[in-house]
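An overview of the molecular structure
One-letter residues, chain by chain:
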Amino acid sequence: RVKPGCFFPPPKVDSIVVQLRPLETPRVPVADDALLKRLVKAAFGQRRKTLRNSLRSANLELDRIDGLLQNAGIDPKRRGETLSLEEFACLTNLLCG
């Protein structure tokens, strides 16, 4: 914990220092890290849009998006923030395979 007096001007709340350590191995294997990043960026770039519509910004055609989501068992009306890491990895691996 870091007390407010450690800052100027002092905030009205206590702060906490957090240390993050990268994992030695990824939690979920993906075939293409760059593609995963592109899909996540597209899904979160337009948060109010459905996943089907937001993935269009990743330069994917609607027919391909529909097939991809169907094969992954993901409802195209979901929003990007509702997908798990495993679902994003599944989409990435399906696109690569």
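Everything below is about the structure shown above.
Residues numbered from 1 in each chain as written. Predicted model: local features only at pLDDT ≥ 70, side-chain atom pairs only at ≥ 80, totals over all residues. Heavy atoms only, no water.

What the chain contains, in helices and strands, is 4 helices and 0 strands. Its helices and strands taken in sequence order, the chain reads α-α-α-α from the N to the C terminus. In summary, the chain has a C-alpha radius of gyration of 19 Å against a globular reference of 13 Å for 97 residues, an excess of more than 25%. C-alpha extents for the chain along the principal axes are approximately 55 × 35 × 20 Å. Buried positions account for 24% of the 97 residues belonging to the chain. A separation threshold of at least 6 residues defines the contact pool for the chain, and within that pool the share at least 24 residues apart is 48%. For the chain, the accessible area works out to roughly 7400 Å², and carbon and sulfur atoms hold 52% of it. (Helix = DSSP H or I, 4+ residues; strand = E, 2+ residues; numbered from the N terminus. Rg over C-alpha atoms; globule rule 2.2 N^0.38 Å. Buried < 20%, exposed > 50% of the residue type's maximum accessible area, 1.4 Å probe, protein only. Contact = heavy atoms within 4.5 Å. Areas by Shrake-Rupley, 256 points an atom, 1.4 Å probe, with all protein chains shown as cover.)

Let us now look at the nonpolar core. The biggest cluster of nonpolar side chains holds 17 residues, and the ones touching the most others in it are Leu39, Leu51, Leu55, Leu69 and Leu91. Of all the secondary-structure elements, those providing two or more residues to this core are helix H1 (33-45), helix H3 (62-72) and helix H4 (85-96). Other than its neighbours up to four places away in sequence, Leu91 contacts Leu39, Leu68, Leu69, Ala72, Ile74 and Leu83. (Core = buried A, V, L, I, M, F, W, Y, C linked by side-chain atoms within 4.5 Å.)

So, about the packing of H3 against H4. Contact geometry for H3 and H4: axes closest at 10 Å, N-to-C directions at 120°. Taken together, the axes of H3 and H4 lie oblique to each other. The two elements H3 and H4 cross, and the hand of that crossing is right-handed. In contact with Arg64, Leu68, Leu69, Asn71 and Ala72 of H3, H4 contributes Cys90, Leu91, Leu94 and Leu95. (Axes fitted to C-alpha atoms, helices over the stretch in contact; angles between N-to-C directions. Parallel < 35°, antiparallel > 145°, perpendicular 65-115°, else oblique. Left-handed = near helix turned anticlockwise from the far one by under 90°.)

Omega for the bond connecting Phe8 with Pro9 falls within 30 degrees of zero, at -10°, which places this linkage in the cis form. Its place among the elements puts Pro9 in the segment before H1. Positive phi is not limited to glycine here, since Asn59 has a value of about 60°. In this structure, Asn59 sits in the loop between helix H2 (51-54) and H3.

On to H3. Among the residues of H3, those classed as buried are Ile65, Leu68 and Leu69. Take H3 and look down its axis: the buried residues cluster within an arc of 95°, on one side only. Structural note: H3 exposes Asp63, Gln70 and Asn71 on the side pointing more than 90 degrees away from its buried face. Structurally, H3 contributes buried residues whose contacts are with H2 and H4. (Arc of directions from axis to C-beta.)

Attention now goes to the pattern of salt bridges. Should the charged atoms of two oppositely charged side chains come close, the side chains can pair. Summed over all chains, the structure comprises 3 salt bridges. For Asp14, the salt bridge goes to Lys3, with nearest N and O atoms at 3.6 Å. Note that Asp14 is positioned in the segment before H1 and Lys3 in the segment before H1, a separation of 11 residues in sequence. Among the salt bridges present, the one from Arg52 reaches Asp66, with a minimum N-O distance of 2.6 Å. Taken together, the positions of Arg52 in helix H2 and Asp66 in helix H3 put the pair 14 residues apart, joining distant regions of the chain. On the basis of relative accessibility, which here comes to 28%, the residue Arg52 falls in the partly exposed class. (Salt bridge = Lys/Arg side-chain N within 4 Å of Asp/Glu carboxyl O.)

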